[in-house]
Amino acid sequence: MKAAVYYENGGPEVLKYEDVPDPQCHPRGVIIEVQAIAIEGGDTLNRWRGPLMTNPHVVGYQAAGVIVEVGEEVTHLKVGQRVATVNNWGSHAALRSVPARNCWPVPDGYDIKKAAAIPVTFGTAHDCLFEFGRLKAGETVLVQAGASGVGVAAIQLAKRGGASLVLATASSDERLERLKPLGLDQGINYRTHEVPKEVMRLTDNNGVNVVVDSVGGSTLQGSIHSLAYRGRVSMVGAAGREPMVVDVSSMMGGNRSLSGVFLGAEIMTDRVHDNIQSLIDDAARGELEVVIDRVFPLSEAAAAHAYIESRAAVGRVVLVP
């Protein structure tokens, strides 16, 4: 099969489009013919510094497609079924082997490219807001990196969950404008404004109840400084690629909290599995919008990764074999 592979960590240029052996089907797994690959921020981080679990390595968490082989112990899935899948690696390829538990059926008629982008992206945003952020109707939310895949999901889910004010940051006014139809109330251009000060101005110096932070590094400090009394930060990534060095002293006096969120730690649980299926079904009914910024052929995976790292995208970038 064809795949985007690399032999060493580095920038997007390490990705090569090559022939590699077809994957084998595990007795408790399936093989899918990949139709769409949603590139995650974690995919670019793994390419940059993550362990190479195979040689050459095929990176990637999320892909959707059609089942072409079913393991002998799998009874709830069948050949020909469309599914969205998640695994630790292996999405950037024409075929993919995944555990059956990591598959979610895609409703008939729903765009397979959009389905590919839901499990990690929307599942993570939902956990950040509700499971760990404990968001209640009437509370206020700040989404750091609002134009990212998780950001786009978090804006919609926060508004749907009854948030009275949804704020988000992005690198340009143009990107922020594109988020307003999704539920963004006020955008903050982090290149021209100091985020905590702008948050306080927009909340009458109260701060926000919940922050979803997928950036980390120095941005995380701004998230902490943006909190209201008893506010909660859900820290879910390190897209900024900076050290996580922060001063948490301001949290104690305001009874604030900081939670690390990693969907993968609970993705095999019934809670997360069922929630992801619900989110896919909601999107298929038109209740949630999966924003796809650009689609690249798999052969141009290096260009797609470079485009993501340019921070020009709004939503997800998708590869198609």
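As a starting point, this report considers the structure included with it. From a predicted model like this one, the values you see are computed outputs, not experimental measurements. (Residues numbered from 1 in each chain as written. Predicted model: local features only at pLDDT ≥ 70, side-chain atom pairs only at ≥ 80, totals over all residues. Heavy atoms only, no water.)

1. A few points about the packing of aromatic side chains
Working step 1: Per the counting criterion, the structure on display carries one aromatic pair.
Working step 2: On the numbers, 6.1 Å between centres and 45° between planes, the contact of Phe-296 with Tyr-307 is tilted. Here Phe-296 is found in strand 15 (residues 292–297), whereas its partner Tyr-307 is found in helix 10 (residues 301–309), with eleven residues between them in sequence. Judged on exposure class, the residue Phe-296 and its partner Tyr-307 are both buried.
Working step 3: Across from the ring centre of Tyr-307, 4.7 Å away, lies the NZ or CZ of Arg-294, which sits over that ring. (Phe/Tyr/Trp six-rings, centres within 6.5 Å; stacked < 30°, edge-to-face > 60°. Helix = DSSP H or I, 4+ residues; strand = E, 2+ residues; numbered from the N terminus. Buried < 20%, exposed > 50% of the residue type's maximum accessible area, 1.4 Å probe, protein only. Lys NZ or Arg CZ within 6 Å of the ring centre and 35° of its normal.)

2. Description of unusual backbone geometry
Working step 1: Following Asn-55, the chain continues to Pro-56 via a peptide bond in cis, the omega torsion being 0°.
Working step 2: With respect to the helices, strands and loops of the structure, Pro-56 is situated in the loop between helix 1 (41–49) and strand 4 (57–58).
Working step 3: Here the phi dihedral of Asp-204 falls at roughly 55°; this positive angle occurs in a residue that is not glycine.
Working step 4: The residue Asp-204 is located in the loop between helix 6 (195–202) and strand 12 (208–213) in this model.
Working step 5: In the Ramachandran plot, Asn-205 falls in the positive-phi region, its phi being about 65° despite a non-glycine side chain.
Working step 6: Among the secondary structure elements, Asn-205 is positioned in the loop between helix 6 and strand 12.

3. A word on the environment of Gly-161
Working step 1: Positionally, Gly-161 belongs in the loop between helix 4 (149–160) and strand 10 (165–170).
Working step 2: The spacing of Gly-161 and Leu-135 is 26 residues in sequence and 7.8 Å in space, taken between C-alpha atoms.
Working step 3: Residues contacting Gly-161, with those up to four places away along its chain left out, are Phe-130 and Ala-137. (Contact = heavy atoms within 4.5 Å.)

4. Structural notes on the sheet that holds strand 1 (residues 2–6)
Working step 1: Spatially, 2-1-4 is the arrangement adopted by the three strands of the open sheet, whose pairing is antiparallel. Each end of this open sheet is capped by a strand with a single partner; those strands are strand 2 (16–19) and strand 4.
Working step 2: Where strand 1 lies against strand 2, four bridges are found, and the strand directions are antiparallel. The residue bridging Lys-2 from the neighbouring strand is Asp-19, located in strand 2. (Pairing = 2+ DSSP bridges.)

5. Here we look at the environment of Val-236
Working step 1: With respect to the secondary-structure elements, Val-236 resides in the loop between strand 13 (227–235) and helix 8 (249–253).
Working step 2: C-alpha separation for the pair Val-236 and Val-166, spaced 70 residues apart in sequence, amounts to 18 Å.
Working step 3: Setting aside chain neighbours within four positions, we find Val-236 in contact with Thr-124, Cys-128, Asp-213, Ser-214 and Val-261.

6. Regarding helix 3 (residues 119–131)
Working step 1: For helix 3, with 13 residues, the first-to-last C-alpha span of 16 Å runs short of the 18 Å given by 1.5 Å per residue.
Working step 2: Burial of helix 3 is extensive: eleven of the 13 residues sit out of reach of the surface.
Working step 3: For helix 3, every residue scored as buried is listed here: Pro-119, Val-120, Thr-121, Phe-122, Gly-123, Thr-124, Ala-125, His-126, Asp-127, Cys-128 and Leu-129. (Expected span 1.5 Å × (residues − 1).)

7. Quick look at the nonpolar core
Working step 1: Ile-118, Phe-122, Leu-129, Val-141, Ile-155 and Leu-179 are the most contacted members of the largest nonpolar core, which has 52 residues in total.
Working step 2: Counting residues per element, this core draws most heavily on helix 4, at seven residues.
Working step 3: The residues touching Ile-118, leaving out its near neighbours within four places in the chain, are Gln-62, Tyr-110, Gly-123, Leu-279, Ile-280, Ala-283 and Val-290.
Working step 4: Core analysis: the second largest hydrophobic core is formed by 26 residues, Ala-4, Ile-39, Leu-77 and Cys-103 among them. (Core = buried A, V, L, I, M, F, W, Y, C linked by side-chain atoms within 4.5 Å.)

8. Considering the pairing of strand 16 (residues 316–320)
Working step 1: Strand 16 sits mainly inside the fold: four of its five residues count as buried.
Working step 2: Judged from the two bridges that link them, strand 3 (residues 29–38) and strand 16 form a sheet pairing that is antiparallel. In the strand pairing of strand 16, Ile-37 is matched with Leu-319.
Working step 3: As paired strands, strand 15 and strand 16 are joined by five bridges and run parallel to one another. Bridging from a neighbouring strand, Val-295 pairs with Val-318 of strand 16.

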